[in-house]
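# Architecture and fold: a report
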Amino acid sequence: MSQKTSNEMWGGRFASGPDAIMEEINASIDFDKRLYREDIAGSKAHAEMLGAQGIIAAEDAALIVDGLAKIEAEIEAGTFTFSRRLEDIHMNIEQRLAELIGPAAGRLHTARSRNDQVALDFRMHVRAAFQALEAKLGEFIAALLDKAEAHAETVMPGFTHLQVAQPVTYGHHCLAYVEMAARDRSRCRDALKRLDENPLGAAALAGTGFAIDRHRTAAALGFSTPTRNSLDTVSDHDFALEFLSVAAICATHLSRLAEEIVIWSTPQFGFVRLSDAFSTGSSIMPQKRNPDAAELVRAKPGRINGALVSLLTVMKGLPLTYSKDMQEDKEQVFDAIDSLALALAAATGMIRDLTVNVEAMRKAAGHGFSTATDLADYLVREAGLPFREAHHVTGRAVSLAESSGVGLEDLPLDVLKSLDSRIDASVYGVLGVDASVRSRRSFGGTAPDNVREQVSYWRQRLATEGK
């Protein structure tokens, strides 16, 4: 096949034939340049260790560290030229270092491979992402606690199957998301413990014969210890998979909240109103007020879940140790980091700005015979009925109220007494939604005093753990 025919088959993008195709599929600089800070930090620590160990001259180590600092300044200033021909961030920095300091630059890669170098860069980047996520979740929890405290007594319907079940408080509802976010934070902390090992020094896969000091570089880079097996070190992607797993769970929690905001902001519910900052209008319908921010938060798990499945699929059949397949990890993780950060910022902003329609919530709380369980509990507590019998009597009361088009609290006493003679006027003290929520004083229940206690607990815990 002629060169021209080959080029036409592959398309005009690959004007130079197979070499251009190889460059296109092999280059990662377009996305891994994001790792420049980690790459430079790792190289500085490595060079200083090599100098301290006498593996390279102290003068060369100092030149390398100084040159790396200049390169970092160039990248920060936007004057650094990235080259796809040099494939990745590691070679781009190394080539520029040679231009700046000459032959001494060639000594930097002593006792190191791109395998342990990228393992370090990526691990440090994911470590920073976990730390940022933990901090932002603290801000999200703080926003929820503010709302919970302000609405400790705001009555709303609690739902099962999206049907009115029992009255709860909006403060209690907010605290449910506090619990979810707190578990997400704890997953971040757990993952950071497993991330706390330095890959640098594993070299290509077998370690190195040079007398390096891996504990020194570990301390310099903020790790408590070096990794213990060089084969695992250069092929380990557990930390990336763990970040994507945590991100997927966290995004799912945010999506559930966003779905409720979407539903509750409809005229049919009218429970909440999003601020203008998180709403949009329609290009054709002037009356529309669309919860676009909430809808986009609701959509983010699609991308993040996809990233998790993608990387799991890449890794599932790889033998030890490094394979080029692993280059397909970073775009997925970077996108998940950015997507989750944006979703979390939007969710925090929406919660802070949200206006709650207290009257609409209260009115809805009384619909659907939501205090039926309170009537059954009353019959058990005051009349001594077994719960199953009380459940049956309450069902008959609901049927009567439904056929009469009234609420349970509106049924006349003589009607209620016809169902069980032991019912007296005290029953009306349990049939209102306010009495219902006040009675749920069991630990973890929705009673306003419980809500305030939990808000206090979580504020103290946030202060202890750090936001």
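Let me sum up the structure you'll find in this document. (Residues numbered from 1 in each chain as written. Predicted model: local features only at pLDDT ≥ 70, side-chain atom pairs only at ≥ 80, totals over all residues. Heavy atoms only, no water.)

Within the protein one finds 19 helices and six strands. Rg of the C-alpha trace for the protein: 31 Å, well past the compact-globule value of 23 Å for 467 residues, more than 25% over. Across the 467 residues that make up the protein, the buried fraction comes to 49%. Contacts spanning at least 24 positions in sequence make up 74% of the contacts within the protein whose residues lie at least 6 apart. Counting only carbon and sulfur atoms, one obtains 53% of the accessible surface of the protein, whose full area is about 22400 Å². A distance of 2 Å separates the average location of the 51 positive side-chain charges in the protein from that of its 63 negative side-chain charges. (Helix = DSSP H or I, 4+ residues; strand = E, 2+ residues; numbered from the N terminus. Rg over C-alpha atoms; globule rule 2.2 N^0.38 Å. Buried < 20%, exposed > 50% of the residue type's maximum accessible area, 1.4 Å probe, protein only. Contact = heavy atoms within 4.5 Å. Areas by Shrake-Rupley, 256 points an atom, 1.4 Å probe, with all protein chains shown as cover. Lys, Arg positive; Asp, Glu negative; His and termini not counted. Charge placed at Lys NZ, Arg CZ, Asp CG, Glu CD.)

Moving on, we get to helix α14 (residues 358–365). If you check which residues of α14 are buried, you get Met-361, Ala-364 and Ala-365. Projection of α14 onto a plane perpendicular to its axis shows the buried side chains occupying an angular sector of 105 degrees, all on one side. Exposed and oriented more than 90 degrees from the buried face of α14 are Glu-359 and Lys-363. (Arc of directions from axis to C-beta.)

Once that is clear, we can look at the packing of aromatic side chains. Within this structure, the stated rule accounts for nine aromatic pairs. Measuring from ring centre to ring centre gives 6.3 Å for Phe-122 and Phe-334, while their planes differ by 85 degrees; the resulting arrangement is edge-to-face. Taken as a pair, Phe-122 in helix α7 (residues 114–150) and Phe-334 in helix α13 (residues 330–353) lie far apart in primary sequence, 212 residues in all. The pair formed by Phe-122 and Phe-334 is uniform in burial state, with each residue classed as buried. Grouping aromatic residues by their ring pairs yields a cluster made of Phe-159, Tyr-170, Trp-264, Phe-269 and Phe-271. The lysine or arginine in question, Arg-127, covers the ring of Phe-223, its NZ or CZ lying 4.3 Å from the ring centre. The ring of Phe-122 is capped by Lys-330, whose NZ or CZ atom sits 5.1 Å from the centre of that ring. (Phe/Tyr/Trp six-rings, centres within 6.5 Å; stacked < 30°, edge-to-face > 60°. Lys NZ or Arg CZ within 6 Å of the ring centre and 35° of its normal.)

The next subject is the layout of surface pockets. Of the volumes computed, that of the largest pocket is approximately 420 Å³. Taken together, 17 residues form the lining of the largest pocket, with Gly-158, Phe-159, His-173, Arg-256 and Glu-260 sitting closest to its centre. Elements supplying a minimum of two residues to the lining of the largest pocket: β1 (155–160), β2 (163–169), α8 (170–195) and α11 (238–264). Here the residues of the lining of the largest pocket are counted per class, giving nine nonpolar, five polar and three charged. (1 Å grid on protein atoms, 1.4 Å probe; cavity = no way out; pocket = protein on both sides within 12 Å on 5 of 7 lines; lining within 4 Å. Points joined across faces, edges and corners; volume = space filled by probe spheres on them. Nonpolar A, V, L, I, M, F, W, Y, C, P; charged D, E, K, R; others polar.)

In this structure, Phe-130, Leu-133, Phe-140, Phe-243, Leu-254 and Val-333 are the most contacted members of the largest nonpolar core, which totals 78 residues. Contributions of two or more residues to this core are made by α7, α8, α11, α12 (292–315), α13, α14 and α19 (448–465). Per-element tally for this core: the top contributor is α11, with 17 residues. Discounting chain neighbours no more than four positions away, the residues touching Phe-243 are Val-126, Ala-129, Phe-130, Leu-133, Val-333, Ala-336 and Ile-337. Within the second largest apolar cluster, 23 residues are counted, among which are Ile-56, Ile-75, Ile-101 and Ile-212. (Core = buried A, V, L, I, M, F, W, Y, C linked by side-chain atoms within 4.5 Å.)

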